[in-house]
Amino acid sequence: MSYISVAIDGPAAAGKSTVAKKVAEILGYTYIDTGAMYRAYTLYTILKGIDPKDEEKSISLIPEVHITLTPDNKVFLNDEDVTFRIRQPDINANVSYIASYKDIRLALVEQQRALAKTSNVVMDGRDIGTYVLPDAKVKIFQIASVETRAIRRYEENMQKGIPCTLEDIEQDVRKRDYIDSHREFAPLKAASDSVLIDTSFMSVDEVVNEVLKIIKMKTGEQNG
Ligand code: DC
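Scoring rules and cut-offs
Residues numbered from 1 in each chain as written. Predicted model: local features only at pLDDT ≥ 70, side-chain atom pairs only at ≥ 80, totals over all residues. Heavy atoms only, no water. Helix = DSSP H or I, 4+ residues; strand = E, 2+ residues; numbered from the N terminus. Buried < 20%, exposed > 50% of the residue type's maximum accessible area, 1.4 Å probe, protein only. Contact = heavy atoms within 4.5 Å. Axes fitted to C-alpha atoms, helices over the stretch in contact; angles between N-to-C directions. Parallel < 35°, antiparallel > 145°, perpendicular 65-115°, else oblique. Nonpolar A, V, L, I, M, F, W, Y, C, P; charged D, E, K, R; others polar. Pairing = 2+ DSSP bridges.

A. Main features of the side chain of Arg153. Examined against the element boundaries, Arg153 turns out to sit in helix α7 (residues 146-160). Under the relative-accessibility criterion, Arg153 is labelled buried at 16%. The residues touching Arg153, leaving out its near neighbours within four places in the chain, are Ala13, Arg39, Ile169 and Arg176.

B. Structural context of the packing of helix α2 (residues 34-47) against helix α4 (residues 89-98). One can describe the packing of α2 onto α4 by two numbers: an axis separation of 9 Å at closest approach and a directional angle of 105°. Taken as axis vectors, α2 and α4 run roughly perpendicular relative to one another. Across the interface between the two elements, Tyr38, Arg39, Tyr41, Thr42, Leu43, Thr45 and Ile46 of α2 pack against Asp90, Ile91, Asn92, Asn94, Val95 and Ile98 of α4. Per-class residue counts for the contact of α2 with α4 are seven nonpolar, four polar and two charged.

C. Representation of the sheet that holds strand β2 (residues 30-33). Taken in spatial order, the five strands of this open sheet run β2-β6-β1-β7-β8, and their pairing is parallel. Each of the sheet's edge strands pairs with one partner strand only, and the pair in question is β2 and β8 (195-198). Neighbouring strand axes in the sheet, compared pairwise and without regard to direction, differ in orientation by 20° on average. By the bridge criterion, four bridges tie β2 to strand β6 (residues 121-125) in an arrangement that is parallel. Counterpart to Ile32 in the pairing with β6 is Met123. Helix α1 (residues 16-27) contacts β1 (5-9), β2, β6 and β7 (138-143) of the sheet and is inclined by roughly 180° relative to β6. Contacts between α2 and the sheet are confined to β2 and β6, with β2 contributing the most and set at about 40° to the helix.

Written out as structure tokens, the structure is:
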């Protein structure tokens, strides 16, 4: 039996995970946050006292890193719940380095592809439509202006009690956009067959409804 995959890609803090989670819940699909996997790997590198800018040492940890995403959207790193920890500023500042290493990407992509073979999924990331699931039935590329994304992430952090300033967030978003879209292997890029949604002036519900409409159009999924 083949399952339906919905790929949602786009730059940092474009609201992909909020939308992907809601869409998955409405349709009864599994939500897979691939960014959380790169974040958990980054945390492990830091815990081991390794500089994430050191490719060789970071790659050497591959056999030790076991990441699990639970159905209630928790992230476990070697059996420890790191759901909250991986959203902290030190992870934001370093995750793009870890995500630029081909060997680490290949290891995590293998896990992502295996997950898409076991259920209908909504998978969000940077390279889902272009590299991880090139045959996905539905591909969305979600964007918003840098300013909008920074404000959204700032407000989210305030709600979660994560200390930050708007200036730092905007700088971090710009830096990650640059590294994510300029890396050699599987960079952030819209798939040629993706549907672009600019969410700068849209509410979450408006984006969710738009995505459901696209899914319905492409798959005939009745709930959409
Ligand atoms: O979506 P996010 O902000 O949690 O992603 C964290 C980082 O991981 C992001 O800067 C780029 C990287 N990433 C990636 O390279 N490929 C993915 N499929 C998902 C995330």
